[in-house]
Amino acid sequence: MKKILEKYHLFLIAFLLLVSRLFNLKSIPIFTDEAIYAYWSQIALNDPQNRFISMEDGKQPLFIWLAAFFQNFVNDPLVATRLVSVFAGLASVIGIYYLAKELFNKKVAIISALLYLILPFTLIYDRLALYDSLLTSFGIYALLFAVKMVKAPSPIFGILNGIVI
């Protein structure tokens with residue numbers, strides 16, 4: 001059993017994150033920003049001329065586009081929009097694991113990922129349809145690629161960092 005846990009610890013952490021974020025996803029009441037983002041994603045999905053509707057409020061469109069993509073598969077616009085944050089949280093925990101592993105070691109990486117998993121701030125924000133989880137995820141990967149670029153200079157890490165930023 002211990003050998004299985006050592007081999008699949010990141011998968012187990014990712015599974016725990018998904019369970020903790022998806023359980024009672026609609027238990028938190030909707031508030032204004034979430035309603036706006038869900039509505040924008042509905043508009044972006046159904047009207048190709050308004051795919052940049054979020055730019056009218058000064059918001060970048062990637063979150064809205066991802067929410068619109070999820071609305072193709074999920075009927076409830078709020079759940080579809082919140083799923084973007086859940087999967088951004090999943091990307092964040094994986095990024096934290098690899099960043100901590102790159103900077104320290106495997107044990108610190110596991111502890112870091114578990115701390116992200118139970119941190120109340122991320123536990124709430126990864127369940128809300130807000131830009132913050134996606135922004136956190138991109139920030140983590142920007143730092144990861146910057147560290148990799150410093151340790152082993154390569155154009156690939158520079159390109160990946162530029163894409164993420």
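Above: the structure in question.
Analysis parameters
Residues numbered from 1 in each chain as written. Predicted model: local features only at pLDDT ≥ 70, side-chain atom pairs only at ≥ 80, totals over all residues. Heavy atoms only, no water. Helix = DSSP H or I, 4+ residues; strand = E, 2+ residues; numbered from the N terminus. Contact = heavy atoms within 4.5 Å. Areas by Shrake-Rupley, 256 points an atom, 1.4 Å probe, with all protein chains shown as cover. Lys, Arg positive; Asp, Glu negative; His and termini not counted. Charge placed at Lys NZ, Arg CZ, Asp CG, Glu CD. Phe/Tyr/Trp six-rings, centres within 6.5 Å; stacked < 30°, edge-to-face > 60°. Buried < 20%, exposed > 50% of the residue type's maximum accessible area, 1.4 Å probe, protein only. Lys NZ or Arg CZ within 6 Å of the ring centre and 35° of its normal. 1 Å grid on protein atoms, 1.4 Å probe; cavity = no way out; pocket = protein on both sides within 12 Å on 5 of 7 lines; lining within 4 Å. Points joined across faces, edges and corners; volume = space filled by probe spheres on them. Nonpolar A, V, L, I, M, F, W, Y, C, P; charged D, E, K, R; others polar. Core = buried A, V, L, I, M, F, W, Y, C linked by side-chain atoms within 4.5 Å. Expected span 1.5 Å × (residues − 1). Arc of directions from axis to C-beta. Polar contact = N/O pair within 3.5 Å; in protein donor to acceptor, adjacent residues only side chain to side chain.

## Notes on the overall build of the protein
And then number 1: If you tally the helices and strands in the protein, you get nine helices and zero strands.
And then number 2: Along the chain direction, N to C, the helices and strands of the protein fall in the order α-α-α-α-α-α-α-α-α.
And then number 3: Principal-axis analysis of the C-alpha atoms places the extent of the protein at approximately 50 × 40 × 25 Å.
And then number 4: Pairs at least 24 apart in sequence give 65% of the contacts found in the protein among residues at least 6 apart.
And then number 5: Summing over all exposed atoms, the protein offers an accessible surface of approximately 9700 Å²; the carbon and sulfur share of this is 70%.
And then number 6: Within the protein, the 10 negative side-chain charges are centred at a point lying 17 Å from the centre of the 14 positive side-chain charges.

## What about the packing of aromatic side chains?
And then number 1: Under the counting rule described, the total for this entry stands at eleven aromatic pairs.
And then number 2: With a centroid separation of 5.1 Å and an interplanar angle of 75°, the aromatic rings of Phe69 and Phe73 are classed as edge-to-face.
And then number 3: Judged by its relative accessible area of 45%, Phe69 falls in the partly exposed class.
And then number 4: Residue class for Phe73 comes out exposed when judged on its relative accessible area of 61%.
And then number 5: Through a chain of ring-to-ring contacts, three or more aromatic side chains come together here, namely Tyr37, Trp40, Phe63 and Tyr131.
And then number 6: Cation over ring: Lys59 sits above Tyr131, and NZ or CZ is 5.7 Å from the ring centre.

## Some details on the layout of surface pockets
And then number 1: The space that makes up the largest pocket amounts to roughly 240 Å³.
And then number 2: Surrounding the largest pocket, Lys59, Gln60, Leu62, Phe63, Tyr131, Leu134, Leu135, Phe138, Gly139, Ala142, Val164 and Ile165 form its lining.
And then number 3: Listing elements by their share of the lining of the largest pocket, those giving two or more residues are α4 (62-71) and α8 (132-151).
And then number 4: With five residues, α8 is the largest single contributor of residues to the lining of the largest pocket.

## Here's the deal with unusual backbone geometry
And then number 1: Unusually for a residue other than glycine, Asn24 sits at a positive phi of about 55°.
And then number 2: In this structure, Asn24 sits in the loop between α2 (9-22) and α3 (32-46).

## Structural notes on empty space enclosed by the protein
And then number 1: Tallying each qualifying case throughout the model produces one cavity of 30 Å³ or more.
And then number 2: By volume, the largest cavity is sized at about 50 Å³.
And then number 3: Along the walls of the largest cavity sit Tyr116, Phe121, Thr122, Tyr125, Asp126, Asp132, Ser133 and Thr136, which together make up its complete lining.
And then number 4: In the lining of the largest cavity, the residues fall into three nonpolar, three polar and two charged.

## What to know about the nonpolar core
And then number 1: Within the largest apolar cluster, 22 residues are counted, with the highest numbers of intra-cluster contacts made by Tyr37, Phe63 and Ile64.
And then number 2: Elements with a contribution of two residues or more to this core: α3, α4 and α5 (77-103).
And then number 3: The element contributing the most residues to this core is α5, with six residues.
And then number 4: Discounting chain neighbours no more than four positions away, the residues touching Ile64 are Tyr37, Trp40, Ser41, Ala44, Ser54 and Tyr131.
And then number 5: Leu17, Tyr97, Ala113 and Ile140 belong to the second largest nonpolar core, which has 14 residues in total.

## A few points about helix α6 (residues 106-118)
And then number 1: With 13 residues, α6 ought to run about 18 Å at 1.5 Å a step, and its terminal C-alpha atoms sit 19 Å apart, in line with that.
And then number 2: All buried positions along α6 are accounted for by Ala109, Ala113, Tyr116 and Leu117. For α6, the angular spread of buried residues about the axis comes to 105°, placing them on one side. Away from its buried face by more than 90 degrees, α6 exposes Lys107, Leu115 and Ile118.
And then number 3: Of the surrounding secondary structure, the elements contacted by the buried residues of α6 are α2, α5 and α7 (120-125).
And then number 4: If you check the start of α6, you find a side-chain oxygen 3.1 Å away from the backbone N of Lys107, and it comes from Asn105.

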